Amino acid sequence: MVPPVQVSPLIKTARYSALLVGIIYGKKRYDYLKPIAEEERRVEEEEKRVREEKERIAKQLAEASEDTILK
């Protein structure tokens, strides 16, 4: 087996710097996108409630019309 090669300190510094910059960028991007996603979820939940209410009303109307036809 070949012994490990010494990595240049410049390369090590560049790799760890890139890692640190990536972590900082990711945190800032997450903090920027989080409120947007929360607002989208809230709007979607509200739309879902409205859609379910319309479906419930349509179902009740269908059942009522079905009952009047059967009588």
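Residues numbered from 1 in each chain as written. Predicted model: local features only at pLDDT ≥ 70, side-chain atom pairs only at ≥ 80, totals over all residues. Heavy atoms only, no water.

## So, the overall build of the chain
Thought 1: The secondary structure content of the chain amounts to one helix and zero strands.
Thought 2: Relative to the globule expectation of 11 Å for 71 residues, the C-alpha radius of gyration of the chain, 30 Å, shows a markedly less compact shape.
Thought 3: Each principal axis of the C-alpha atoms in the chain carries an extent, and together these give about 90 × 35 × 5 Å.
Thought 4: Here the chain holds 71 residues, and 0% of them are scored as buried.
Thought 5: If you average the places of the 15 positive and of the 14 negative side-chain charges in the chain, the two averages end up 12 Å apart. (Helix = DSSP H or I, 4+ residues; strand = E, 2+ residues; numbered from the N terminus. Rg over C-alpha atoms; globule rule 2.2 N^0.38 Å. Buried < 20%, exposed > 50% of the residue type's maximum accessible area, 1.4 Å probe, protein only. Lys, Arg positive; Asp, Glu negative; His and termini not counted. Charge placed at Lys NZ, Arg CZ, Asp CG, Glu CD.)

## Focus on the UniProt feature "coiled-coil region" (unreviewed entry) in the chain
Thought 1: UniProt records the feature "coiled-coil region" (unreviewed entry) at residues 36-67, using the numbering of this structure.
Thought 2: The span residues 36-67 is 100% helical and 0% strand by assignment, and the distance between its end C-alpha atoms comes to 47 Å. (UniProt positions renumbered as here; feature names shortened; annotations may be inferred.)

## Details of the pattern of salt bridges
Once their charged atoms are close, side chains differing in charge can pair, the charge on each being opposite to the other.
Thought 1: Applying the stated rule across the entire model yields five salt bridges.
Thought 2: In this structure, Asp31 and Lys27 form a salt bridge, with 3.1 Å as the shortest nitrogen-oxygen distance. Of the two residues, Asp31 and Lys27 both sit in helix α1 (residues 9-70), four residues apart, roughly one turn of that helix.
Thought 3: In this structure Lys27 comes out as partly exposed when scored by relative accessible area, which is 48%. (Salt bridge = Lys/Arg side-chain N within 4 Å of Asp/Glu carboxyl O.)

## Focus: the environment of Glu47
Thought 1: Within the element layout of this structure, Glu47 appears in helix α1.
Thought 2: On the basis of relative accessibility, which here comes to 49%, the residue Glu47 falls in the partly exposed class.
Thought 3: Between the C-alpha atoms of Glu47 and Asp31, which are 16 residues apart in sequence, the distance is 25 Å.

## Examining a nonpolar patch on the surface
Thought 1: Among the surface-exposed residues, Tyr16, Leu19 and Ile23 lie close enough to one another that they form a single nonpolar patch of about 360 Å² accessible area.
Thought 2: Position of Tyr16 among the secondary structure elements: in helix α1.
Thought 3: Tyr16 gets classed as exposed once you look at its relative accessible area, which sits at 59%. (Patch = residues over 30% accessible without salt bridge, like charges linked within 9 Å, V, L, I, M, F, W, Y side chains within 5 Å. Areas by Shrake-Rupley, 256 points an atom, 1.4 Å probe, with all protein chains shown as cover.)

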